[in-house]
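Structural overview
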Amino acid sequence: MMTDATAEPQTTEVQEFEREPVPASHYKGWKSFLGMYAGEHAAGTEFVIGPLFLTAGVSAFDLLVGLFLGNLMAVLSWRYLTAKIATDVRLTLYYQLEKICGRRLVTAYNLANGILFCFLAGAMITVSATAVGIPFDMEMPKLTDTTPNGLTWVLVVLAIGAVISIVAARGYDTVSRFANIASPWMVLVFLACGVVALQGLNVRSFADFWNIFGEGSEPFPGQIKYTFWHVMLWSWFCNAAMHIGMSDLTVFRYARSASSGWTTAAGMYVGHYLAWICACLMYALYIRSGEAQVMLAAGIAPPVAPGPMTYETVGVAGLICVVVAGWTTANPTIYRAGLAFQAIFPKFSTVKVTLIAGAVATIAGLFPAFAMKLLDFVAVYGFILAPIGAIIVFDHFFAQKAGIIRNYAERVQSSFNLSVLLAWFISMAIFYSISVYQGVFLSFLTLPAWLFCGVLYLILSKFLQKNN
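Report follows, based on the coordinates. Note that the structure is predicted; figures quoted are calculated from it, not measured.

**Remarks on the overall build of the protein**
For the protein, the helix and strand inventory stands at 20 helices and 0 strands. The C-alpha atoms of the protein give 22 Å as radius of gyration, which agrees with the globular expectation for 468 residues (23 Å, within 12%). If you line up the protein on its principal axes, its C-alpha atoms span 70 × 55 × 40 Å. In the protein, which comprises 468 residues, the proportion classed as buried is 60%. For the protein, the proportion of contacts with a sequence separation of at least 24, taken over those separated by at least 6, is 86%. Surface accessibility of the protein: about 18,000 Å² in total, with carbon and sulfur atoms responsible for 66%. One way to put it: in the protein the 26 positive side-chain charges average out to a point 11 Å from where the 24 negative ones average out.

Take a look at the structure:
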């Protein structure tokens, strides 16, 4: 039995070991991570991302094979990079980064990281709101909506955000327990949605299923065309901040061994494969409706509203699944954001900063743009945060071979490591400029930017450390 981190008799604070290695008494087995990853990745985002692939005009091959390979690369990234380093150092991302970057520099990163996590959690609150709002005859957000569309929307989002924030503030154990309870049931509902949608689409064979997507189609108004490489690389890097960006050091520091990294496959292949495809099928059924066809004829993309889609497919169970699915993504995301803010304000309790993060996420959830433009937002989010993970990876594995000081800021008592700032800024500036001015899909550039940042960090450290 593992000791509960909240069981200290002299305090009511949640102990999360923010600035010290997790002790062996608090290590967790693989089942804890299996439930969390299955719950987090077979969750709210899936109801939005699946349909968005269809709006991008993907072909059957692009969808099935591209997702399979992209998710495989994501699992390998978690297992051999994130989980390996996490079980070596047993520290949060934020404290490990502080050892390398210095207090002043990592504060800016933590602020950016925490805010981006809050925006992602806000998108999940938006998803849950589309289900809760149905009994109140709430107007659903459209793909082009950016601001709240009414008082009912605002009240529903505020209520959901409050509940999610309280759960997240209870700490990792509560977040993990919630996911373990919810995820098996959610997977069944996703599967049921897919089966019912297949019946509605008159699919009787694999050939019928293949023909739903066929060789692909023109993207919907306002969307870009996705090819095999778009699907494969986007699915690999949609969680770039968590794996190659090292954010999940914070999660896997509790793992007994790096092999717990394999549990991410539950999230990738149940959530980012099965659930995405099931959600895509629900949307395929919806766009055959008369309402959707009128919109398409008028050059308007039909809305992607998870609540109504699942309700029309499997009824009340679908509504409950959308609500819970939003929670199981938002909970660990707000938890991570709280730890990012706690690293900036170490005198604040983890509970307090997590509630602050929840408030920011709830405000973000009021604005549907974060959910309706989720493919674009997640690509940018991963691109910004992933290069910092390269700093940690290259410092951990290659510092000695390169002849530089590992954990430099801690070793020399520096509050600002210029090598990190230059490597991060230069890599982002170069590759983001290529995306903007050459029209290159941003996920195509995430890995080059990550590798470039890591190598540049070693080169700059070799030069700048020598002059300290």
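**A look at the nonpolar core**
The biggest cluster of nonpolar side chains holds 158 residues, and the ones touching the most others in it are Phe 53, Phe 213, Tyr 226, Trp 234, Leu 374 and Tyr 381. Of the residues forming this core, the biggest block, 16 residues, is contributed by helix α17 (residues 374–402). Excluding its chain neighbours within four sequence positions, the residues that come into contact with Tyr 226 are Phe 53, Ala 56, Gly 57, Val 58, Asp 62, Val 231, Trp 234, Leu 375 and Phe 441.

**Details of the environment of Met 282**
Mapped onto the elements, Met 282 comes out in helix α11 (residues 264–286). Ignoring anything within four residues of it in the chain, the contact list for Met 282 reads Phe 47, Cys 193, Ala 197, Met 309, Thr 310 and Thr 313.

**Structural notes on the pattern of salt bridges**
Summed over the entire model, instances satisfying the criterion amount to 3 salt bridges. Measuring nitrogen to oxygen at the nearest pair gives 3.4 Å for the salt bridge that ties Asp 88 to Lys 84. Taken as a pair, Asp 88 and Lys 84 lie in helix α3 (residues 60–89) at a separation of 4 residues, close to a single helical turn. Since its relative accessible area comes to 40%, Asp 88 is described here as partly exposed. On the basis of relative accessible area, Lys 84 is assigned to the partly exposed category, the value being 32%. Residue Glu 98 pairs with Arg 103 through a salt bridge whose shortest N-O separation is 3.2 Å. Looking at Glu 98, the relative accessible area reads 14%, which means it is buried. Classification of Arg 103 by relative accessible area gives partly exposed; the value is 26%.

**A closer look at helix α15 (residues 350–365)**
An ideal rise of 1.5 Å per residue puts 22 Å on 16 residues; α15 measures up with 22 Å between its terminal C-alpha atoms. Along α15, the residues that are buried comprise Thr 350, Val 353, Thr 354, Ala 357, Gly 358, Ala 361, Thr 362, Ala 364 and Gly 365.

**Some remarks on unusual backbone geometry**
Even without being glycine, Asn 202 reaches a positive phi, approximately 60 degrees. Take Asn 202: it is sitting in the loop between α7 (172–200) and α8 (206–213). Positioned with a positive phi, Asn 407 is a non-glycine residue whose angle comes to about 50 degrees. Locating Asn 407 in the fold gives a position in the loop between α17 and α18 (408–412). Note on Asn 407: relative accessible area 14%, which makes it buried.

**Notes on a nonpolar patch on the surface**
A cluster of nonpolar side chains, contributed by Phe 416, Leu 418, Leu 421, Phe 425, Ile 426, Ile 430 and Phe 452, occupies part of the molecular surface with about 560 Å² of accessible area. Looking at which element gives the most residues to the nonpolar patch, the answer is helix α19 (residues 418–438), with 5 residues. Looking at the secondary structure, you find Phe 452 in helix α20 (residues 446–466).

**Here's the deal with the packing of helix α5 (residues 103–132) against helix α13 (residues 306–314)**
Closest axis-to-axis distance for the α5/α13 pair is 6 Å, and the angle between their directions is 45 degrees. Taken as axis vectors, α5 and α13 run oblique relative to one another. As for the relative orientation of α5 and α13, their crossing is right-handed in sense. Facing α5, whose interface residues are Val 127, Thr 130 and Ala 131, α13 presents Pro 306, Gly 307 and Pro 308. Here the residues of the contact of α5 with α13 are counted per class, giving 4 nonpolar, 2 polar and no charged.

Definitions and cut-offs
Residues numbered from 1 in each chain as written. Predicted model: local features only at pLDDT ≥ 70, side-chain atom pairs only at ≥ 80, totals over all residues. Heavy atoms only, no water. Helix = DSSP H or I, 4+ residues; strand = E, 2+ residues; numbered from the N terminus. Rg over C-alpha atoms; globule rule 2.2 N^0.38 Å. Buried < 20%, exposed > 50% of the residue type's maximum accessible area, 1.4 Å probe, protein only. Contact = heavy atoms within 4.5 Å. Areas by Shrake-Rupley, 256 points an atom, 1.4 Å probe, with all protein chains shown as cover. Lys, Arg positive; Asp, Glu negative; His and termini not counted. Charge placed at Lys NZ, Arg CZ, Asp CG, Glu CD. Core = buried A, V, L, I, M, F, W, Y, C linked by side-chain atoms within 4.5 Å. Salt bridge = Lys/Arg side-chain N within 4 Å of Asp/Glu carboxyl O. Expected span 1.5 Å × (residues − 1). Patch = residues over 30% accessible without salt bridge, like charges linked within 9 Å, V, L, I, M, F, W, Y side chains within 5 Å. Axes fitted to C-alpha atoms, helices over the stretch in contact; angles between N-to-C directions. Parallel < 35°, antiparallel > 145°, perpendicular 65-115°, else oblique. Left-handed = near helix turned anticlockwise from the far one by under 90°. Nonpolar A, V, L, I, M, F, W, Y, C, P; charged D, E, K, R; others polar.

Read these as spatial facts, not as claims about activity.
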